[in-house]
Amino acid sequence: RLPMRCTPSGAWLPPAAGKHVLCEKPLATSEAEAISMFETAREHGVWLMEAFMYRFHPQTRLVQRLLSEGVVGTRQLIRASFGFAVSDPANVRLSADLAGGALMDVGCYCVNAARWAAGVRPVRVNAAARWAASGVDETLAATIEYPNGTIAQIACSLAVSRHHYLQIAGSNGLIELDQPFTLLPDRASAIRIQRGTTDQHNEMLHVDSVDHFRLEAEGFAALIAAGHQDDGNLPSMPLVETLDNAATITALLASARSGLWVEV
């Protein structure tokens, strides 16, 4: 997960060697760093993509289609949480020098999901955190506001029982996922849908098991095969969302440290 920094001479080694890069999430520690990485990759004619495997899972794609079809109406509230327990203080996730912390490790999934569910870059955030002895955020919860009126509430932790959850509530419906991010390749998943403004019209959509890491790799391979003639993106993981999410993470950490609302 470490950011791929430039050498003193300014050359970023994988692109300079003609290597395409599928980089584990989050791509960088800031939006500026992410922009620099994309610019370097383009300069050397190679592809760079942030690796969020769940974006390639049929479950995620189906939820995105349902939202585009207006199943929930106007999107109003997004709730996402992801956490598990880290007991070893030497774990890389707790290292401040290596850009650790709950937000960078699992909270980035929540930020990512809220961004595609809202459909736009957020405008401001407000966060609170409990800090580990190493100085990284061990637990963080936040409110994210979007210019279209959508509000997201996210939470992440490295000190709780393992869970991940996503809810998208709109003016005329609700979508819920109990396993939105780290799905098992041998287990089917399900999407709960509530239609209307009451809980009287509910349904469950079942999604077959699949290896979303394989789908991610195949998607990246297809992107490479398509060439580098324009600035197009793989629809499952658009470049603009990577940049928006990097900026959001920076703002969230700044807010958690200051206790103030921070613009993205």
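What you see is a predicted model; the values in this text were computed from it and never measured.

Calculation criteria
- Residues numbered from 1 in each chain as written.
- Predicted model: local features only at pLDDT ≥ 70, side-chain atom pairs only at ≥ 80, totals over all residues.
- Heavy atoms only, no water.
- Salt bridge = Lys/Arg side-chain N within 4 Å of Asp/Glu carboxyl O.
- Helix = DSSP H or I, 4+ residues; strand = E, 2+ residues; numbered from the N terminus.
- Buried < 20%, exposed > 50% of the residue type's maximum accessible area, 1.4 Å probe, protein only.
- Pairing = 2+ DSSP bridges.
- Contact = heavy atoms within 4.5 Å.
- Axes fitted to C-alpha atoms, helices over the stretch in contact; angles between N-to-C directions.

Enquirer: What exactly am I supposed to notice about the pattern of salt bridges here?
Expert: Side chains that carry opposite charge are capable of pairing whenever their charged atoms lie near each other. The tally for this structure, following the rule as stated, stands at 12 salt bridges. Linking Arg-115 and Asp-244 is a salt bridge whose minimum nitrogen-to-oxygen distance equals 2.9 Å. Pair noted here: Arg-115 is in helix α4 (residues 102–118) and Asp-244 is in helix α6 (residues 239–258), with a separation of 129 residues, a long-range link. With relative accessibility at 8%, the residue Arg-115 sits in the buried group. Salt bridges sharing partners connect three or more residues here, namely Glu-31, Arg-115, Arg-121 and Asp-244.

Enquirer: Looking at this model, I keep getting lost on the sheet that holds strand β8 (residues 173–177). Mind explaining?
Expert: Read from one edge of the open sheet, nine strands run β10-β9-β8-β7-β3-β6-β5-β4-β11, paired in mixed fashion. Among the strands making up the open sheet, the edge pair consists of β10 (202–207) and β11 (262–263). Bridging between strand β7 (residues 159–170) and β8 involves five bridges; their strand directions are antiparallel. Bridging from a neighbouring strand, Ile-168 pairs with Ile-175 of β8. Lying over the sheet, α4 contacts β3 (75–85), β5 (137–145), β6 (151–157) and β7, oriented at roughly 160° with respect to β3. Where α6 meets the sheet, its contacts fall on β4 (124–131), β5, β6 and β11, and the angle it forms with β4 comes to roughly 60°.

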